[in-house]
Amino acid sequence: MYALIIDDSRAMRRILRQIVEPLGFHILEAGDGQEGLERLEQYHPDVELTLVDWNMPVMNGLEFVKAVRGDDQYQQMKIAMVTTETEPAQMARALMAGVDEFVMKPFTSQILIEKLKLIGVQCPDAA
Amino acid sequence: MTIDEQTLQQVVSDVCTGMLGLELEPSEHFGCDESDSLSAVIRISGDWDSLVQVLTPRRTAVAIASNMFAMSEEELSEAEIRDAVGEIVNMVGGNLKGIVEGDSALSLPCVGECVGAAPFDSTFNGLMVSNRCQGDPLVVRVLDRTVHA
């Protein structure tokens, strides 16, 4: 089972990988939404979870979510937006587009894992 | 809500210590004209128009990147060092944007060599907090450029 991490910051991708990989996921990485869509097409239907940043070049996180949720084959995949965006109006836009959960930067590993559990992410190595 | 020095320090602490586990100690202000420094800047535009800058000697940037990438300092590339500092200013700027009321947007971070006090000149009179991060200097500055009617 795969988790896809989309963030233009390699440092942030590394941090997220260090938290999610021990849960039992194989990790895919992408530097923007467009690259993320390409990874999804390659690895569908084995991507269980996507963690996506909002503010990215080429295709931002909101555009990525709209593209994914507009495609029937990706409806079951969980999407968590990992972002500094905290404005209620912006969060509402993302939720309406199909985001399952928000994780605000800065976060701790415990917060991220709790959020993933809340949306029913099935961690391969979970007891 | 507007940003004051205490709020700025709290945000910097949340990012550096709370998330990244870096050692952070408030310190005296130090000069920003070191020749071997990196400057990471992000712009907030809209109802609140401002620039947020993380200014740090290269040795601090390397220590931060080493922590974030879990790599030795010798293994790090220049791109990874800049990426790490860029992500710090991205998180600080994003959190500040969330605190100030109104509709504003965050740019992508821009990281480069520090030339003098770029992008602010010596007349800078915005908010500034100075810290020792992993023992080395780290300065965060906010310049509010909002034109108030």
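Residues numbered from 1 in each chain as written. Chains lettered and ligands numbered in written order. Predicted model: local features only at pLDDT ≥ 70, side-chain atom pairs only at ≥ 80, totals over all residues. Heavy atoms only, no water.

Asker: I'd like to hear about the overall build of chain A, residue by residue, with values.
Answerer: Per the secondary structure count, chain A includes 5 helices and 5 strands. When the helices and strands of chain A are listed from N to C terminus, the series reads β-α-β-α-β-α-β-α-β-α. Whereas a compact globule of 127 residues would reach a radius of gyration of roughly 14 Å, chain A reaches 13 Å, a difference of no more than 12%. The C-alpha extent of chain A, read off along each of the three principal axes, is 35 × 30 × 25 Å. Counting across all 127 residues of chain A, residues that qualify as buried make up 52%. Looking at chain A alone, contacts between residues at least 24 apart form 63% of all its contacts between residues at least 6 apart. For chain A, the exposed area adds up to about 5,700 Å²; of that, 47% sits on carbon and sulfur atoms. Across chain A, the mean location of the 12 positive side-chain charges is 4 Å away from that of the 20 negative side-chain charges. (Helix = DSSP H or I, 4+ residues; strand = E, 2+ residues; numbered from the N terminus. Rg over C-alpha atoms; globule rule 2.2 N^0.38 Å. Buried < 20%, exposed > 50% of the residue type's maximum accessible area, 1.4 Å probe, protein only. Contact = heavy atoms within 4.5 Å. Areas by Shrake-Rupley, 256 points an atom, 1.4 Å probe, with all protein chains shown as cover. Lys, Arg positive; Asp, Glu negative; His and termini not counted. Charge placed at Lys NZ, Arg CZ, Asp CG, Glu CD.)

Asker: Now, about the interface of chain A and chain B: what can you tell me, with residues and values included?
Answerer: Counting residues at the interface gives 20 residues for chain A, matched by 24 residues for chain B. Where chain A touches chain B, the interface holds 4 salt bridges. For Glu 80 of chain B, the salt bridge identified is with Arg 10 of chain A, shortest N-O distance 3.0 Å. Linking chain A with chain B are 12 residue pairs in polar contact (both at pLDDT 80 or more). Residues of the side of chain A that touches chain B, tallied by class, amount to 7 nonpolar, 6 polar and 7 charged. (Salt bridge = Lys/Arg side-chain N within 4 Å of Asp/Glu carboxyl O. Polar contact = N/O pair within 3.5 Å; in protein donor to acceptor, adjacent residues only side chain to side chain. Nonpolar A, V, L, I, M, F, W, Y, C, P; charged D, E, K, R; others polar.)

Asker: Tell me about the state of the cysteines, and name the residues and values.
Answerer: Residue and element names in this part refer to chain B. Tallied over the full model, the rule gives 0 disulfides over all chains. No disulfide involves Cys 133; its sulfur sits 4.9 Å from the nearest other cysteine sulfur, which is in Cys 16. A relative accessible area of 1% means that Cys 133 is categorised as buried. (Disulfide = S-S within 2.5 Å.)

Asker: I'd like a rundown of the confidence of the model for chain B, residues and numbers included.
Answerer: Residue and element names in this part refer to chain B. For chain B, the mean per-residue pLDDT works out to 86, and 87% of the residues sit at or above 70. Looking across chain B, the model is least confident in strand β5 (residues 110-113), with a mean pLDDT of 85, and most confident in helix α3 (residues 78-99), with 94. In the predicted complex, the global pTM is 0.88; the interface-specific ipTM is 0.84. (pLDDT = per-residue confidence, 0-100.)

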